[in-house]
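# A closer look at the structure
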Amino acid sequence: MVEIELDGKTVEVPQGSMVMHAANKLGTYVPHFCYHKKLSIAANCRMCLVEVEKAPKPLPACATPVTQGMKVFTHSAKAVEAQRSVMEFLLINHPLDCPICDQGGECQLQDLAVGYGKSNSRYEEEKRVVFHKNVGPLISMEEMSRCIHCTRCVRFGQEIAGVMELGMINRGEHSEITTFVGQTVDSELSGNMIDICPVGALTSKPFRYAARTWELARKRSVSPHDSLGSNTTIQTKANKVMRVVALENEAINECWISDRDRFSYEGINSADRVTSPMVKQGGQWLETDWESALDYVSRSLKTIATEHGPQAIAALAHPISSTEELHLLQKIVRGLGSDQIETRLLQSNIEGAAKAPWLGMSITKLDSLDRALVIGSYLRKDQPLMAARLRAAAKRGLALHRIDAGGDDWLISAPKSLAVKPSAWVNSLGEVALAVAKAKSASAPAGIAASISPAAQAIADSLLSGQSSAVFLGSAAIAHPNAPDLHVLAQFIAQQTGATFGFLPVGGNAVGASLVKANGAGINSVLSGERRAVILMNLEPTRDLANPEQAKVALAKANTVIALTAFTSPDLLETADVILPISTFTETVATFVNAEGSAQTIQPAVKPLGDSRPGWKVLRVLGGLLGLDGFLFNMPEEVLGDALGESFVDNLNNQFTGSPVISSGNISPANGFERVSDVNIYAVDPIVRRAPALQRTSDAKRGNQVGLNQAAMNELGLKEGDVVSIAQGNLSTQLPVTLEANLAAGAARVSAGTSASAQLGAMFGLITLSKV
């Protein structure tokens, strides 16, 4: 530790700290623009100049290391004069457009100009002008004359997002922040550049000129679009969500949020919102009142349970649903005598599945890992901020390994990895398990291959040498037809190497759904065609289920399909018989349990739209109409207490519950192409799919393309953008092709959750490609 004196106060900071860190520790504010606690030090705005005893001139607090006995004066006459001189230079070329600037009211330059600016300018020459740039549908760079060249956006891209999308050209007052040769900004974390921009140079394109910041009411919230549970602030005006920004929580999302968290609010205001209960009569949809609709639903469920037996009742719920909603839904289904309820919408094989799979560690522990093996994951798009934590850990020495089909760039170096088509995942993971077993003189799981490839041996050696290691199963491994085998092998490897074993859960409340037992017989059982009444909550059958064709057939056989949803869609209008409008997460009290097992409860930011009602209230009334016990709740807090209890964290469990024998370790490689499916980052739930700006991004467009490696494109005589016909069994569709250089041989990526994939079958299996 080093002791210094700052404005007459003594403070100790670690050796190597800067004066700015000492000031922050004391709570002394030093004006600054380029400094940000999460970014590297640039020292190019010079606003933080301070006086240091015996130094011939003021020094930048952000880039001046502390020394023992140093005396610093942050508000001396010399320091303030230097700071005012810097402010004068910064304002020389700044346009006087504060009245129409979206940053007005929360602008760092505006605030500091009050304390350090002058009432008049000595600059009489013409101001420079920087022409606007179109960098995509999310970020507006139309007023780059406001830019003060702090380079926060540049450093964020390089250091946090992992890709340098912005840079500076020219010198002096001709300097400009721009993209590379007309490219757009496509990172899934790009919206954070808006937050960290200290002026109005980078602003939100969807929010542009929509409201003034001081007109907005604010409410703390949580994003339910992935299992991280990022903390956000929802800003509203006239009962409408206008903007979503990050809320700092070091334990979860630090001070960042993904673009999916930031811009998905547009979907909440979609024209597809349903605001009144609807019943289908004679093939026509008619609006009705809540009493009539719920009476119709309760009579239908009672009749089907009586005539066809309790197991004829089933329910499917999207894990975007709150813990309160999922708890009451499973109470209804089980109260009627059925166990046909599922939220694991993409998991086709639940044999031996863990009872409450979770990350296996705190989110912050990701920062300190030195070894990690991730199996079957689209990490960067599935979990953008977890990927950012692992990216930062890799810079500190984390050795990351992957076993998957490749194709997607995580922007993290992973040289010791295996990119193989899905049918070979079990074999490849089995080789790693065998190498670990030999090193530990342990018995390997029965059924795995006898040989070990050099790549598998390298992964095993790395894990065995780690001090803080983890093995994770990702979304594609969970959805894989041989998920139980992958589970057994990953758990064995973790146990033998002393690593933490965990899952990267799919869905914002996937962990909460498991804790309240909203999972039962499995998706294949629910969609077997034997269910006469099916309740759908917060999902669209052809977009949110692993096999759209299976869903269409099964729901067509049901006597009654009841949809609790905030949105109408063509497939719901076709398959459902009753639509009950429920509120989105912004309109009700809702609790979400994230990947680490933290329960976060949020309050409504706006009132329910139209005649929609919070889902937990609808289910509470329905339970009462069905004559079931345990539905006498007045408050959502009572529902939550009944659902989780005080010691729910003790119920988190990643252990395989079946017989640990590998049944498919010797899969014969199939001929032709194997489909490998990600769920496109902007197709994960009904809200995100209805956000116009997100649907115009390059990531959304990628979801409607077929990914092939160069060898496959050469084999089929294809080039970028050519259209191919995709046949899966007796189903087919057409999509343009795109190059994915590192995709495994024999694999073709066809995303799930899109309008194109709705025309196909299961997420894994053989497909045939032919040029159109």
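Cut-offs applied
Residues numbered from 1 in each chain as written. Predicted model: local features only at pLDDT ≥ 70, side-chain atom pairs only at ≥ 80, totals over all residues. Heavy atoms only, no water. Axes fitted to C-alpha atoms, helices over the stretch in contact; angles between N-to-C directions. Helix = DSSP H or I, 4+ residues; strand = E, 2+ residues; numbered from the N terminus. Parallel < 35°, antiparallel > 145°, perpendicular 65-115°, else oblique. Left-handed = near helix turned anticlockwise from the far one by under 90°. Contact = heavy atoms within 4.5 Å. Nonpolar A, V, L, I, M, F, W, Y, C, P; charged D, E, K, R; others polar. Polar contact = N/O pair within 3.5 Å; in protein donor to acceptor, adjacent residues only side chain to side chain. Salt bridge = Lys/Arg side-chain N within 4 Å of Asp/Glu carboxyl O. Buried < 20%, exposed > 50% of the residue type's maximum accessible area, 1.4 Å probe, protein only. Pairing = 2+ DSSP bridges. UniProt positions renumbered as here; feature names shortened; annotations may be inferred. Disulfide = S-S within 2.5 Å.

## A closer look at the packing of helix 9 (residues 323-335) against helix 21 (residues 615-625)
- Running from amino to carboxyl end, helix 9 crosses helix 21 at an angle of 20°, the nearest separation of the two axes being 8 Å. As the angle between them shows, helix 9 and helix 21 are arranged roughly parallel. The handedness of the crossing between helix 9 and helix 21 is left-handed. For the pair helix 9 and helix 21, contact is made by Glu324, Glu325, Leu328, Leu329 and Ile332 and by Gly615, Trp616, Leu619, Arg620, Leu622 and Gly623, respectively.
- In terms of residue class, the contact of helix 9 with helix 21 is made up of six nonpolar, two polar and three charged.

## Considering the side chain of glutamine 108
- Within the element layout of this structure, glutamine 108 appears in helix 3 (residues 108-116).
- Looking at glutamine 108, its side chain comes within polar contact range of the main-chain oxygen of histidine 32, at 2.5 Å.

## Focus on the pattern of salt bridges
- Scanning all chains against the criterion turns up 36 salt bridges.
- One salt bridge in this structure joins glutamate 106 and arginine 243, with 3.0 Å as the shortest N-O distance. Here glutamate 106 is found in the loop between helix 2 (77-92) and helix 3, whereas its partner arginine 243 is found in strand 13 (residues 240-246), with 137 residues between them in sequence.
- Overall, glutamate 106 belongs to the partly exposed group, its relative accessible area being 33%.

## Section: helix 4 (residues 152-161)
- Burial analysis of helix 4 places eight of its 10 residues in the buried class, the great majority of the element.
- Taken together, the buried positions of helix 4 are Arg152, Cys153, Val154, Arg155, Phe156, Gly157, Ile160 and Ala161.
- Here the buried face of helix 4 lies against helix 3, strand 8 (166-169), strand 9 (176-179), helix 5 (192-196) and helix 11 (384-395).
- Directly beyond the C-terminal end of helix 4, a positive phi value near 90° is found at glycine 162.

## Focus on the sheet that holds strand 20 (residues 418-419)
- Strand order across the open sheet formed by five strands is 20-19-18-21-22, with parallel pairing between neighbours. Whereas interior strands pair on both sides, the edge strands pair on one side only; in this sheet they are strand 20 and strand 22 (500-503).
- Judged from the two bridges that link them, strand 19 (residues 399-404) and strand 20 form a sheet pairing that is parallel. In the sheet register, aspartate 404 faces strand 20, and the bridge partner there is alanine 419.
- Sheet contacts for helix 12 (residues 425-440): strand 18 (371-375), strand 19 and strand 20; angle to strand 19, the most-contacted strand, approximately 145°.

## Focus: the UniProt feature "domain: 4Fe-4S Mo/W bis-MGD-type" (unreviewed entry) in the protein chain
- The UniProt record marks residues 216-272 with the feature "domain: 4Fe-4S Mo/W bis-MGD-type" (unreviewed entry), using the residue numbering of this structure.
- In the segment residues 216-272, helix accounts for 16% and strand for 35%; the C-alpha atoms at its two ends are 25 Å apart.

## Structural notes on the state of the cysteines
- If you walk through the whole model with that rule in mind, you get zero disulfides.
- A disulfide-free cysteine, cysteine 147 has its sulfur positioned 6.4 Å from the sulfur of cysteine 153, the nearest such atom.
- Using a relative accessible area of 14% as the deciding quantity, one classes cysteine 147 as buried.

## Here's the deal with the sheet that holds strand 3 (residues 49-52)
- Pairing is mixed in the open sheet, where five strands are placed in the order 2-1-5-3-4. This sheet does not close on itself; its edge strands, each paired only once, are strand 2 (9-13) and strand 4 (59-60).
- Of the strand pairs in this sheet, strand 1 (residues 2-6) and strand 2 are connected by five bridges, and their pairing is antiparallel. Bridging across to strand 2, isoleucine 4 finds its partner in valine 11.
- Here helix 1 (residues 19-26) sits on the sheet and contacts strand 1, strand 2, strand 3 and strand 5 (71-73); the angle it forms with strand 2, its principal contact strand, is near 115°.
- Each of strand 3 and strand 5 touches helix 2; the most contacted strand, strand 3, lies at about 155° to it.

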